[in-house]
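# Notes for the structure review
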Amino acid sequence: IFTGTVRSVEEFTPGSFKVVLLVKKSWAGENPAERTIYVSGGCAVSFTAGKDYLVYGKKDNEGLLTTEICWGTAEASMAKDDLKLLGRPYRKRGA
């Protein structure tokens, strides 16, 4: 679980996208400066470059980090209730 700013969005395979985010805060998992996440299918999140998102992700069978809108991933401005429930992140970038 992390928040980050979308650096790039590119088509990975037909109907799926590779999204690179600059990590701002982490609540679970690793805390690298950048995370690459993959989205596809009917529950795909529509990421926009330059916007901030709260991301709930998990690794698929191939070890790729994935997310879906059904898991709660959303633009940070729309995820205020989740951010409040999550509380303080355990890591912040640049802190």
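Throughout this description, residue numbers start from 1 for each chain and increase along the sequence as written. Totals for whole chains, interfaces and linings use every residue, but because this is a predicted model, local features are given only for residues with pLDDT of at least 70 and side-chain atom pairs only at 80 or more, for both listing and counting. For the side-chain quantities, the full set of heavy atoms in the structure was used; hydrogens and water were omitted.

## Describing the overall build of the protein chain
- Where helices and strands are cited, they refer to DSSP runs of H or I of at least four residues and of E of at least two residues respectively, numbered from the N terminus. Broken down by element type, the protein chain carries one helix and eight strands.
- Computed over its C-alpha atoms, the radius of gyration of the protein chain comes to 12 Å, within 12% of the 12 Å expected for a compact globule of 95 residues.
- Taken along the three principal axes of its C-alpha coordinates, the protein chain extends 35 × 25 × 25 Å.
- For the protein chain, the residues scored as buried account for 32% of the 95 residues in total.
- In what follows, a contact means two residues having at least one pair of non-hydrogen atoms within 4.5 Å. Pairs at least 24 residues apart make up 51% of the contacts formed inside the protein chain by residues separated by at least 6 positions.
- Each accessible area value is a Shrake-Rupley result obtained with a 1.4 Å probe; residue values ignore everything except the protein chains displayed when judging cover. Summed over its atoms, the accessible surface of the protein chain is roughly 5800 Å², and 50% of this surface lies on carbon and sulfur atoms. Note on method: radius of gyration uses C-alpha positions; expected globular size equals 2.2 Å times residues raised to 0.38. Only protein chains enter the area calculation, which uses a 1.4 Å probe; residues under 20% of their type maximum are buried, those over 50% are exposed, and those in between are partly exposed.

## A word on the pairing of strand β4 (residues 52–55)
- Pairs of strands are assigned from DSSP output, requiring at least two bridges between the strands. In the sheet, strand β1 (residues 2–13) pairs with β4 via four bridges, with the strands oriented antiparallel. Counterpart to Thr 3 in the pairing with β4 is Leu 54.
- Bridge count for β4 against strand β7 (residues 74–75) is two bridges, and the pairing is antiparallel. Each bridged residue has a counterpart across the sheet, and for Tyr 53 the counterpart in β7 is Glu 75.

## Notes on the pairing of β1
- Sheet topology places β1 next to strand β2 (residues 16–26); 10 bridges connect them, and they run antiparallel. Residue Val 9 lies in a different strand from β2, and its bridge partner there is Val 19.
- The hairpin formed by β1 and β2 contains two residues between the paired strands, and Gly 15 there has a positive phi angle of roughly 85°.

## Remarks on the environment of Leu 83
- By the secondary structure assignment, Leu 83 is in helix α1 (residues 80–86).
- With a relative accessible area of 23%, Leu 83 lands in the partly exposed category.
- A sequence separation of 29 residues divides Leu 83 from Leu 54, and the C-alpha atoms of the two residues are 7.9 Å apart.
- In this view, Leu 83 contacts Thr 3, Trp 27, Leu 54 and Ala 76; residues no more than four positions away in its chain are not counted.

## Remarks on the pattern of salt bridges
- Whenever a carboxyl oxygen of Asp or Glu lies within 4 Å of a side-chain nitrogen of Lys or Arg, that contact is scored as a salt bridge. Counted according to the given criterion, the structure contains three salt bridges.
- For the salt bridge of Glu 34 with Arg 7, the shortest nitrogen-to-oxygen distance reads 3.0 Å. Placement of Glu 34 in strand β3 (residues 34–40) and of Arg 7 in strand β1 is noted, with a sequence separation of 27 residues between them.
- A relative accessible area of 36% means that Glu 34 is categorised as partly exposed.

## As for the confidence of the model for the protein chain
- Each residue carries a pLDDT score, the predictor's own confidence in it, on a scale running from 0 to 100. Per-residue pLDDT for the protein chain has a mean of 90; in total, 95% of the residues score no lower than 70.
- Confidence scores differ between elements of the protein chain, with strand β8 (residues 91–92) showing the lowest mean pLDDT of 68 and β4 the highest of 97.

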